[in-house]
Every structure is written in C-alpha cells, then in structure tokens.
Amino acid sequence: MAVRLAEEWFSVCAGCEVTILDIGEPLLDVLKQVQIVHMPVLMDHKVYGQTGEGTSMEIPEAEVGIITGGIRTEENKELAKEMRKKCKTLIALGSCACFGGIPALANQYLAEELLEKVYHGSKSTDGNGLPGKDVPALTDRVYAVHEVVPVDLSLPGCPTTPEMVAGALTSLLQGTPFTMSNKSVCDECPTKREKKSVATLKRRLDAPEFTAGAPLSEMRCLMEQGYLCLGPATRGGCGGSDGVPRCIRAYMPCEGCFGPLTDKSNPMVDMMGALSSIGLDPKQIPDRAATFNRFAGAGRLRPLPKR
Ligand code: SF4
Ligand code: SF4
Ligand code: SF4
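Residues numbered from 1 in each chain as written. Chains lettered and ligands numbered in written order. Predicted model: local features only at pLDDT ≥ 70, side-chain atom pairs only at ≥ 80, totals over all residues. Heavy atoms only, no water.

Topic: the site of ligand 1
Right, so step 1: Around ligand 1 sit Val12, Cys13, Gly15, Cys16, Ser95, Cys96, Gly157, Cys158 and Pro159, and that is every residue in its neighbourhood.
Right, so step 2: Broken down by secondary-structure element, the contributors of at least two residues to the shell around ligand 1 are helix 1 (15–22) and helix 4 (95–99). (Near = heavy atom within 4 Å. Helix = DSSP H or I, 4+ residues; strand = E, 2+ residues; numbered from the N terminus.)

Okay, structure coming up:
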C-alpha cells in the first residue's frame, strides 16, 4: 500500500521543493510508493476546505510529513501544529525549516521595525499603509520548525541536496535507518592545507588559485588563500556520491548553509578560532553575527541595538 505524504511550505523560496524534483530518475521509484495527499506547491488542496467552507485548518492524515521554510506568521505556526498532529513522521526540509535560513536574518530587527521599513520607510513604497485584516499576523521573529513542534528528522542545506532527500525518503519507505554526516565541511574537503598565515581577507568575487581540471587535492584551502570559508564551523554532508562539499567542488568557499556543527555549537566562536589560527583578524568581518549565522538565525540572532 502506498505511503501517504503531506508537504507544506512556510517562509520559503521553494528551492527545496525544486530539490525534490532534482532527485531525477530515482524520484520515479519513490513516487510509485507514495500517495501525495497534500502539497500546495503541486496540487490545489486547501486547508480550509476547497471553497473556504472550513472553520479550522485541516490537513489529511499522512505517514510522512515534510515542512519547508521557517515560521514567520501565526498561520505558519498553526499549520505546523496541524502537520505535527496529522503526520506520523515529520521532516524539516532545508535550512529555513531547520534553522530559519536566510529569512531569519530578519531576526536582527523587531517585527514592527520590519513592517515600518517595508510599508512606510522604503523609497519604493507609496505609503498606502499596512496590509489589511485578512493577512496573517507576523510572529515576533522567525522560528525554526523544531522550536514550535517536535521534528523527527532535519535535513539541512540551502537548498538541501537531492541525494539526502532521496536517501531519507528511501530509508523511511524501507524502514531502514538513515544517518547523516557528523563531520564538518572541512573534514570532507579535499583541498591542500599548508597552515601558513594570511594577512587580509580577499573579496569573494576575486578568483581563487586553482588549475582547471586538476584534482581538488591540488588546490590550496580557500581560507588559506584568504577567502572567508565557513567550512570549519559547518556541518558536512552536502557532497554528492564522492562526498566533496558542493561549493568547494565549484571552487567557491562554504557559506555555512548546512548550519552549525551541532545544535549546541556556536559558529561565531568556531570561526573566530579558525580565522585566528591562520592569522586572520575576525574583526575584518563587519557583520560577524549575521555572517557566521547566515542560515541559522532562528534562536541565534537577536534584534540589534537601536541605531
Ligand atoms: S533552505 Fe534555501 S533553498 Fe530551501 S527554501 Fe530556504 S531559502 Fe529556499
Ligand atoms: S576552510 Fe574551506 S577550503 Fe579550507 S579546508 Fe575548510 S572547507 Fe576546505
Ligand atoms: S559547501 Fe557549505 S555552503 Fe556549500 S553546500 Fe556545502 S554546506 Fe552549503
């Protein structure tokens, strides 16, 4: 019998939904085994009944539930609770759902400040006032899904990787355990480390030194080349079948999208140590809290002092 699957998206860009499509051919095998009962990005299934006749949100029961996106509105919060109630196994898919993701950078501002800026204080608005009463209210900040309801499995990444989604879904369908990397991106990075000091940080758009077509083991570590690479403070697992981290493969530094090494890690402390160890002064980075928590601001970034 097919496994029932429900999916919801909250404060999100839909890149993680595209990742599900990116699974490619193995997705056909997964689809044969599931029955999608709710997925707004794919099907017109509404939560207050198809004609709005319902008085409370309702999502069909499902064995597997997937949530993408962090929680930014009271409606997101209620839907998260309904998903938790109706889904036996609940997956937070992507860094927005796992740690707030890029939208949680907004946690550096109060909700009222954001509304003021967007609807009054921006040169591109015409001052028509705040949205009307039918728009869901903002929560005080962006929350990761696990801060609101218990989550059974968190699959990070911005976007998450097709290999990880396929692996997790297949394990769930077959009833076998699914394990994730507990290494850092640096642990999985094949570049060459010489442990020599670097004086200044380079601009991200400056091209690093590498020989096209040569093995990555011949390229010098990007941080030792002077780029801000968050590999030391970021959980690994973003590589494909050969395990090479996704950005390093493209000769780009890691931006930290798989989130902190553990739930209790502090990326700021980890990165300060890593930068200092090769002689780079972390004070060169102007917006450190946001830079080091770019994808993990839920519960980590707080409103900045009034300017
Ligand atoms: S984790 Fe990234 S790709 Fe996925 S929904 Fe959030 S912003 Fe989009
Ligand atoms: S700092 Fe970046 S480039 Fe250097 S080893 Fe770590 S992940 Fe690789
Ligand atoms: S290398 Fe870093 S930023 Fe790039 S995909 Fe992996 S975890 Fe994300």
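Quick look at the pattern of salt bridges
Opposite charge on two side chains lets them pair, provided their charged atoms get close.
Right, so step 1: Under the defined criterion, the tally for this structure stands at 15 salt bridges.
Right, so step 2: Where glutamate 147 meets arginine 141, a salt bridge forms, and the shortest distance between an N and an O atom there is 2.9 Å.
Right, so step 3: Overall, glutamate 147 belongs to the partly exposed group, its relative accessible area being 32%.
Right, so step 4: Put simply, Glu194, Lys196, Arg220 and Glu224 are held in one network by salt bridges that share partners. (Salt bridge = Lys/Arg side-chain N within 4 Å of Asp/Glu carboxyl O. Buried < 20%, exposed > 50% of the residue type's maximum accessible area, 1.4 Å probe, protein only.)

As for the site of ligand 2
Right, so step 1: Looking at ligand 2, the residues that line it are Val185, Cys186, Cys189, Thr191, Arg193, Cys221, Leu222, Met223, Cys229, Gly231 and Ile248.
Right, so step 2: Its residues placed into classes, the shell around ligand 2 shows eight nonpolar, two polar and one charged. (Nonpolar A, V, L, I, M, F, W, Y, C, P; charged D, E, K, R; others polar.)

A closer look at the packing of aromatic side chains
Right, so step 1: All chains considered together, the criterion is met by one aromatic pair.
Right, so step 2: Over the ring of tyrosine 143 we find lysine 77, and its NZ or CZ is 5.4 Å from the ring centre. (Phe/Tyr/Trp six-rings, centres within 6.5 Å; stacked < 30°, edge-to-face > 60°. Lys NZ or Arg CZ within 6 Å of the ring centre and 35° of its normal.)

Digging into the domain arrangement of the protein chain
Right, so step 1: Segmentation of the protein chain into domains returns domain 1 (3–105 + 133–174) and domain 2 (182–291).
Right, so step 2: In this structure, domain 1 and domain 2 have C-alpha centres spaced 30 Å apart.
Right, so step 3: Counting residues at the interface gives 11 residues for domain 1, matched by eight residues for domain 2.
Right, so step 4: Between domain 1 and domain 2, a total of about 660 Å² is buried, with carbon and sulfur atoms accounting for 66% of that surface.
Right, so step 5: If you look at where domain 1 meets domain 2, you find zero salt bridges. (Domains from an automatic or database assignment. Contact = heavy atoms within 4.5 Å. Buried area = accessible area lost by both parts, 1.4 Å probe.)

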